[in-house]
Amino acid sequence: MGIRNKALGFSRKFKLDSHHAIERFGVFFGIFAVTGAIAIGASGVSAYQAGRDSLSQTALYTSDFKTSKTNLDGTVDGVYTNERGNKALVMMHFSPTAQISYNAADYRAFLLGSDTSLNSEPVSTSGIKGSLYAFGSTGYIGVLLNADRPFDRQVLNLTVRANAELTAPGTQPKQASGKLAGDETFTKYDQWRVFFNPGASGVQKIAALNAPTFDPAQAYYGVALKKKETEARKALDQKLVEMRANLTQIRSYTSDLQTTKIDGLFLRPPAVPASIATDKITGVSAAEAKDGVSTLALQTKHVTRGGFGLNWRTGNVYDGYLHALAPAGQSYAQVFAKKRDEGSDPTIQQISDMQWILSDGTSLTKDYQSSDVTMRPLMNIMNNLSHAYQTYSANKSKYQSDLSLDLLRLDVSLRDVQSNSTVRDDKDFLTTLH
């Protein structure tokens, strides 16, 4: 029997031929119904599993917020835990210029649980105690939660209320950031809301939460400063690479002074400003080092006006640089004020004023015109060498002033946190719905 005959026999047996249209419709409808049910069921299982995966892995559901009455914008840096998983820190910050209270006593908080749709439910983790830290005048605020056991994988709904409004309430938004429908407290009080899941696998662990006593400065350094410090050090190191290339150019162009001659005349090496005359860049770059660790360093006898002779590579922001810069009896604030008053550095002008003397004692710039074609090779060497000195001087100034100051500002910020942080940890600070 051929394939065609077998197919016709199958159709007649199950009433799928042209003489049984109604029966055929019913069979196909049944097949589609079953297939659809399977598809819907599969999508439901998939959605459920996606929700479970999100709950398992996602640590933070809120990246920014706005205070409900004063309309101040804030950012959530992240949620962090200790190794055991029973301590959680929610780190947030406003702009350093935002008019908020730096006193932790001016805040209180409310903690609820939420499902994956962010609908409120009781908190499943027991024994949670809370405290709030205001990290000096940096604009950073952290809420620290301590539980009796590791946090469950549950979305938590944290509302922070500012009891002190330091700015006049702005125009009320239709739906304040983080506000749930029907929650009238956001109209009555200046507050904001954050959703996070401290029990998620994606939560970041920091050393500051493993210590028996919480140190605000250590937490602030780990969360807010360490990445900025890495970027600042990278910029300093890259500038050293550029400065080394500038010095290589200077040596090359200085050698050209002896080999380039016009009718036996050549340029004598100019008198270089003392501020850069003996500078050297020692060590190797990260690309050259076998272990990938840069050891480049500036060796100089002169610090640029307004700059700092900072040995940044051997230290770090947490241990501090400021104490090494301030002489005995001076505060680092006095050191910064003195640097500010030093004025602009004269090296660039001194390079512009360098004398370019030929081997016969005449001046290339005074006794010859720049348009003199016969002297053009010497003019080119003079311009190249002068430009190399100017570029090096500008890079050195940026290295010792702007880039070093970027690192020192982080140190100042950390000292602020160490000296001026406040905490509220009384039993009335946190209200939890269990």
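Calculation notes
Residues numbered from 1 in each chain as written. Predicted model: local features only at pLDDT ≥ 70, side-chain atom pairs only at ≥ 80, totals over all residues. Heavy atoms only, no water. Buried < 20%, exposed > 50% of the residue type's maximum accessible area, 1.4 Å probe, protein only. Helix = DSSP H or I, 4+ residues; strand = E, 2+ residues; numbered from the N terminus. Pairing = 2+ DSSP bridges. Polar contact = N/O pair within 3.5 Å; in protein donor to acceptor, adjacent residues only side chain to side chain. Contact = heavy atoms within 4.5 Å. Core = buried A, V, L, I, M, F, W, Y, C linked by side-chain atoms within 4.5 Å. Expected span 1.5 Å × (residues − 1). Bend = angle between axes of the 7 residues up to and from the residue. Phe/Tyr/Trp six-rings, centres within 6.5 Å; stacked < 30°, edge-to-face > 60°. Lys NZ or Arg CZ within 6 Å of the ring centre and 35° of its normal.

Chemist: Is there a simple way to explain the pairing of strand S3 (residues 87–94) in this structure?
Modeler: It is a general feature of regular strands that their side chains alternate between the two faces of the sheet. Among the 8 residues of S3, 7 are classified as buried, and the element is accordingly described as predominantly covered. In this structure, strand S2 (residues 73–81) lies alongside S3, joined through 7 bridges in antiparallel fashion. Directly across from Thr81, in S3, lies its bridge partner Ala88. Hairpin geometry of S2 and S3 is characterised by an intervening segment of 5 residues between the two adjacent antiparallel strands and by a positive phi of about 90° at Gly85. Pairing geometry for S3 and strand S7 (residues 140–146), over 7 bridges, is antiparallel. The partner of Met91 across the bridge, within S7, is Gly142.

Chemist: Quick question: what am I supposed to make of the side chain of Thr159 here?
Modeler: Along the chain, Thr159 falls in strand S8 (residues 155–162). A polar contact is formed between the side chain of Thr159 and the side chain of Arg193, at a distance of 2.9 Å. Other than its neighbours up to four places away in sequence, Thr159 contacts Arg108, Ala109, Phe110, Phe186, Gln191, Trp192 and Arg193.

Chemist: Looking at this structure, I do not really get the nonpolar core. What am I missing?
Modeler: Note on soluble globular proteins: their nonpolar side chains tend to be buried together. Membership of the largest hydrophobic core comes to 61 residues, with the highest contact counts inside it found for Tyr220, Leu364 and Leu407. When residues of this core are traced back to their parent elements, those giving at least two are S3, S7, helix H4 (216–259) and helix H9 (376–420). With 15 residues, the single largest contributor to this core is H9. In this view, Leu407 contacts Glu229, Ala232, Arg233, Leu236, Leu310, Trp312, Val317 and Tyr321; residues no more than four positions away in its chain are not counted. Counting 35 residues, the second-largest nonpolar core is a separate cluster that includes Val90, Leu156, Trp192 and Ala200.

Chemist: Please explain H9 as it appears in this structure.
Modeler: Given 3.6 residues to a turn, an α-helix orients residues that are three or four positions apart in the same direction. For H9, which comprises 45 residues, the first-to-last C-alpha distance of 64 Å matches the rise-based estimate of 66 Å (1.5 Å per residue) to within 8%. Of all the bends in H9, the largest measures some 35° and sits at Leu405.

Chemist: Please explain the packing of aromatic side chains as it appears in this structure.
Modeler: How two aromatic rings sit relative to each other is set out by the distance from centre to centre and by the angle between their planes. Following the criterion strictly, the structure yields 10 aromatic pairs and no others. Here the aromatic rings of Phe308 and Phe336 are separated by 5.6 Å at their centres, their planes lie at 65°, and the arrangement is edge-to-face. A residue pair is termed long-range when its members are at least 10 positions apart, and Phe308 in the loop between strand S12 (297–299) and helix H6 (322–325) and Phe336 in helix H7 (residues 332–340) qualify at 28 residues. Connected via pairs of aromatic rings, a cluster forms that spans Phe65, Phe94, Tyr107 and Trp192. Just above the ring of Tyr189 sits the side chain of Arg161; from NZ or CZ to the centre is 3.6 Å. Across from the ring centre of Phe308, 5.6 Å away, lies the NZ or CZ of Lys339, which sits over that ring.

Chemist: Just to check I follow, could you spell out unusual backbone geometry for this structure?
Modeler: For residues other than glycine, phi is negative in most cases, and the peptide bonds are mostly trans. Even without glycine at this site, Asn71 takes up a positive phi of about 60°. Summarising the element assignment, Asn71 is placed in the loop between strand S1 (64–66) and S2. Although it is not a glycine, Asp263 sits at a positive phi angle of roughly 55°. You can see Asp263 is positioned in the loop between H4 and helix H5 (274–277). Using a relative accessible area of 81% as the deciding quantity, one classes Asp263 as exposed.

Chemist: Looking at this structure, how should I read the environment of Asn316?
Modeler: Note on placement: Asn316 falls in the loop between S12 and H6. Sequence separation between Asn316 and Glu229 is 87 residues, and the spatial gap between their C-alpha atoms is 8.1 Å. Discounting residues that sit within four places of it in the chain, Asn316 has contacts with Tyr221, Glu229, Arg233 and Tyr321. There is a polar contact of 2.7 Å between the side chain of Asn316 and the backbone nitrogen of Asp319.

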